[in-house]
Amino acid sequence: MCIIIVKSKDKQVSSEILKNSSRINPHGLGVIFLDTNEVKYYNSKDWKVLETNRPYIAHFRFATKGLVNKDNTHPFICGNNSNELLMHNGTIQNYGSHWKCDSKELAEELGGIARNK
């Protein structure tokens, strides 16, 4: 199953945890750097980018649905709501396909729902 790591500015995540997260979740690494809200996508093997003082939320992907590619790497923008992002662990029943991961499909659907609902 995927791994999500939330790192605050004043803390460090051990290299061992990052390296193991990469090893057991080799299908992509997506990061939201919380000091700038910048989203970046990497190969899981590039885990050393997370050895930083910057605060972030990182998602190491283990593909269960969808191709292994950047398009299926979390986080996903929720529809046209560029300030809303989704990361998810696990598999969502009845979502996804051979090409698109289930979490991406859910993010697209959530983007079309009015926020007052």
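Above: the structure in question.
In this text the structure is predicted, and so the values were computed from the model without any measurement. (Residues numbered from 1 in each chain as written. Predicted model: local features only at pLDDT ≥ 70, side-chain atom pairs only at ≥ 80, totals over all residues. Heavy atoms only, no water.)

**Q** Honestly, unusual backbone geometry in this entry has me stumped. Any pointers?
**A** Leaving glycine out, the prevailing phi sign among residues is negative, and the prevailing peptide bond configuration is trans. Here H74 and P75 are connected by a cis peptide whose omega angle stands at 5 degrees. If you trace the backbone, P75 turns up in the loop between β4 (56–60) and β5 (76–78). Of note, N37 is a non-glycine position whose phi angle comes to about 60 degrees, a positive value. The residue N37 is located in the loop between β2 (29–33) and β3 (38–42) in this model. For N37, a relative accessible area of 59% gives the class exposed. Positive phi is not limited to glycine here, since N94 has a value of about 70 degrees. By the secondary structure assignment, N94 is in the loop between β6 (81–86) and α2 (102–111). Of the residues examined, N94 reaches a relative accessible area of 68% and is grouped as exposed. (Helix = DSSP H or I, 4+ residues; strand = E, 2+ residues; numbered from the N terminus. Buried < 20%, exposed > 50% of the residue type's maximum accessible area, 1.4 Å probe, protein only.)

**Q** Quick question: what am I supposed to make of the packing of aromatic side chains here?
**A** Each aromatic ring pair is characterised by the separation of its centres together with the angle its planes make. Going through the model one piece at a time under the given rule, you end up with one aromatic pair. Centre to centre, the rings of F33 and Y56 are 6.4 Å apart; their planes meet at 75 degrees, and the pair counts as edge-to-face. Placement of the pair is F33 in strand β2 and Y56 in strand β4, with a sequence separation of 23 residues. Of the residues examined, F33 reaches a relative accessible area of 4% and is grouped as buried. Positioned over the ring face of F33 is R54, at 4.1 Å from the centre of the ring. (Phe/Tyr/Trp six-rings, centres within 6.5 Å; stacked < 30°, edge-to-face > 60°. Lys NZ or Arg CZ within 6 Å of the ring centre and 35° of its normal.)

**Q** What exactly am I supposed to notice about the side chain of D102 here?
**A** Inspection of the secondary structure assignment puts D102 in helix α2. An unpaired buried charge is present at D102: no salt bridge exists, and K65, the closest side chain of opposite charge, is 5.1 Å distant. One polar contact links the side chain of D102 to the main-chain amide nitrogen of I92, over a distance of 2.7 Å. Discounting chain neighbours no more than four positions away, the residues touching D102 are K65, G90, T91, I92, Y95 and G96. (Lys, Arg positive; Asp, Glu negative; His and termini not counted. Salt bridge = Lys/Arg side-chain N within 4 Å of Asp/Glu carboxyl O. Polar contact = N/O pair within 3.5 Å; in protein donor to acceptor, adjacent residues only side chain to side chain. Contact = heavy atoms within 4.5 Å.)

**Q** What is the right way to look at the layout of surface pockets in this model?
**A** Picture a little ball the size of a water molecule; that probe, rolled over the atoms, points out where space is still empty. Quantified by volume, the largest pocket comes out at close to 210 Å³. Taken together, 14 residues form the lining of the largest pocket, with Y41, P75, F76, I77 and K104 sitting closest to its centre. Elements with a contribution of two residues or more to the lining of the largest pocket: β3, β5, β6 and α2. For the lining of the largest pocket, the element with the most residues is α2, which contributes three residues. When its residues are assigned to classes, the lining of the largest pocket shows seven nonpolar, three polar and four charged. (1 Å grid on protein atoms, 1.4 Å probe; cavity = no way out; pocket = protein on both sides within 12 Å on 5 of 7 lines; lining within 4 Å. Points joined across faces, edges and corners; volume = space filled by probe spheres on them. Nonpolar A, V, L, I, M, F, W, Y, C, P; charged D, E, K, R; others polar.)

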